[in-house]
Each structure stands twice: as structure tokens, then as C-alpha cells.
Amino acid sequence: LLFKQQGLVQGTVGISQANTLILGERDTTLSPEATAILQPMQQNIYQEYRWQAGQNGQQGTFVHVLFPGLYPVTSRSEAETLQQQANAGQQLLWTDPQKTAEQMAKDLLQWQTLDSGDSVLDNDGTTAHVLLIHPNLHIIVTLSRLIQHDTHGLWFVTKAQSQGITLNSLSVPVSTPLAVQGSISTHDGSATATLFDHTLTRVSSLNTTGLAVQADGTYSGSIYYTGVQLNQQGVLLIENMPPDGVSESAQVLLTSVVIG
């Protein structure tokens, strides 16, 4: 016996185009209101495993892996479905790296307007970097054609970060309370942490998500969250915004996490 999981709600199993094992199950924590507006694929939690060969005579095993993308979806299964829809002729926004990055800023960062200075810094056909401009903030968004590597491949955000902010390594999976630590280049402003679930919906927090910022620029804090089904891939957002009237730059960082 190499691998076994039991008790999956409406469980599914499949092999991805990357030859990884994909398990899916229904997210039973979604409200009827949320279910009504989500696509069927978004109503499931997916876990991805790859085969790791054994060494020195040891037996190989399946290991859980993170999907590199964090937007517009957080799993390979959903990304492959989007690519199939695009190949079937459906018009999707994710065919353009700049439009994908700008829509991410609207959805996750709550930006209401876009700047005419947004631009694609480079694009080699499989990886692109996009500059997003907001008041007191410049973000570099990294995107990749993760599923299909030709000109018809969709773009997926793999990283978004401004200068002057770092995040210490997180455990895999994270658990409540989620402790976050890192550094920012300024000690003024208001630093916050926001956790998104696999549907890219903000997770309900039992406490304020404000982070304490020290004089040396290090920050720390904990998020106590609830109502989340375990073992799903989500997104963590760290933001530091300067006070009104201060010309210092803001900092933003987005990264994938496994919520446990």
C-alpha cells in the first residue's frame, strides 16, 4: 500500500497533465450564498501529490506539493479546467498578463482604480513580470503559463511583492493561530495580515489582524481563524500602509499557504 485517504466528501481522484495525483472533495463549510456564485470546480478543495522515489533502498512515497499559482485559482485542477475552457473558445481574462495582474489587484487588494502607468516589464513567452502602480506603492507581479506553455496558455500569478518587505518561512501546513513575522523598510504605518481560502475569499478571523511593528522594522502577529476546512491551499496577504500625509512607500506581499 503506497497511499490511502478515507472519508473524502464526494471525493474524486485523477492524474494531472503534470503526472501528479489530484484528490478533490466538497468544501462543506461554504455557505449557500457562496455556493450559488462559485463555479462547480471552485466548490471543491484539491490536494496535489507527486511521487518521490526512495533513496538508499527506502520505499518511495507520495508527497503533498503546493500549486505554484495563487491567482486566479489556487489549484492545478482548477487551472487545467480554465485552460480547457480557453482552448474550447471561451473568452477569459487570463490570456493577458497585465490584465490578469490588474484584476488580481482589484480582487485581492481591493483596488478600485487602475493606473495608466501599469506595464509589462518583460515577457519571454512563459514568464512575465508586470509593474502595478498605486498611490505610494509599486508592486512587481510575477506570472507564468503554468499549464500550457504556448501562445494560447493562460497566465497565473505566482508571486506579488513590493520592495522593502519580507516574510519569514511559514510551517506547512499553517494552523491557527497563524504566527507571521518578517521585516519592512519603514516603521510608520499600519501593518496587517489577511488570509484567503481556496476560493480567494477572506477567512473569518477571531481577532484583529493588525501586526506589531518594531522600531527596527520587524513585524509580528498572529491570526486566529475559524470556519475553514483543513488541508486547503490559500493565500496570505501582508500589507503595510503609511499614515495619511506621509510620503513613504507602502509595502505589499502575497504568498501561497496550506491552511491546516
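The coordinates are above.
Residues numbered from 1 in each chain as written. Predicted model: local features only at pLDDT ≥ 70, side-chain atom pairs only at ≥ 80, totals over all residues. Heavy atoms only, no water.

A. View of unusual backbone geometry. Omega for the bond connecting Tyr71 with Pro72 falls within 30 degrees of zero, at 10°, which places this linkage in the cis form. Here Pro72 is to be found in the loop between β4 (61–65) and α2 (76–87). In this structure, Asn56 is a non-glycine residue whose phi angle is positive, near 55°. Within the element layout of this structure, Asn56 appears in the loop between β3 (44–52) and β4. Judged by relative accessible area, Asn56 falls into the exposed class, the value being 81%. For Asn231, which is not glycine, the phi torsion reads 60° and is therefore positive. Mapping Asn231 onto the fold places it in the loop between β13 (218–223) and β14 (232–241). Judged by relative accessible area, which is 36%, Asn231 ranks as partly exposed. (Helix = DSSP H or I, 4+ residues; strand = E, 2+ residues; numbered from the N terminus. Buried < 20%, exposed > 50% of the residue type's maximum accessible area, 1.4 Å probe, protein only.)

B. Fine view of helix α3 (residues 97–108). Its twelve residues place the ends of α3 16 Å apart at the C-alpha level, agreeing with the 16 Å of an ideal helix rising 1.5 Å per residue. The set of residues buried in α3 consists of Pro97, Thr100, Ala101, Glu102, Met104, Ala105 and Leu108. Near the N-terminus of α3, the side chain that reaches the backbone nitrogen of Gln98, with its oxygen 3.0 Å away, is that of Asp96. (Expected span 1.5 Å × (residues − 1). Polar contact = N/O pair within 3.5 Å; in protein donor to acceptor, adjacent residues only side chain to side chain.)

C. Main features of the side chain of Ser162. Relative to the assigned elements, Ser162 resides in the loop between β8 (156–161) and β9 (165–167). If near-sequence neighbours (up to four positions away) are discounted, Ser162 is found in contact with Leu137, His138, Ile139, Ala250, Gln251 and Val252. (Contact = heavy atoms within 4.5 Å.)

D. Examining the pattern of salt bridges more closely. Applying the stated criterion to the full structure yields one salt bridge. Arg76 serves as the salt-bridge partner of Glu48, at 2.6 Å between the closest nitrogen and oxygen. You can see Glu48 sitting in strand β3 and its partner Arg76 sitting in helix α2, a full 28 residues away along the chain. The burial state of Glu48 is the same as that of Arg76; both residues are buried. (Salt bridge = Lys/Arg side-chain N within 4 Å of Asp/Glu carboxyl O.)

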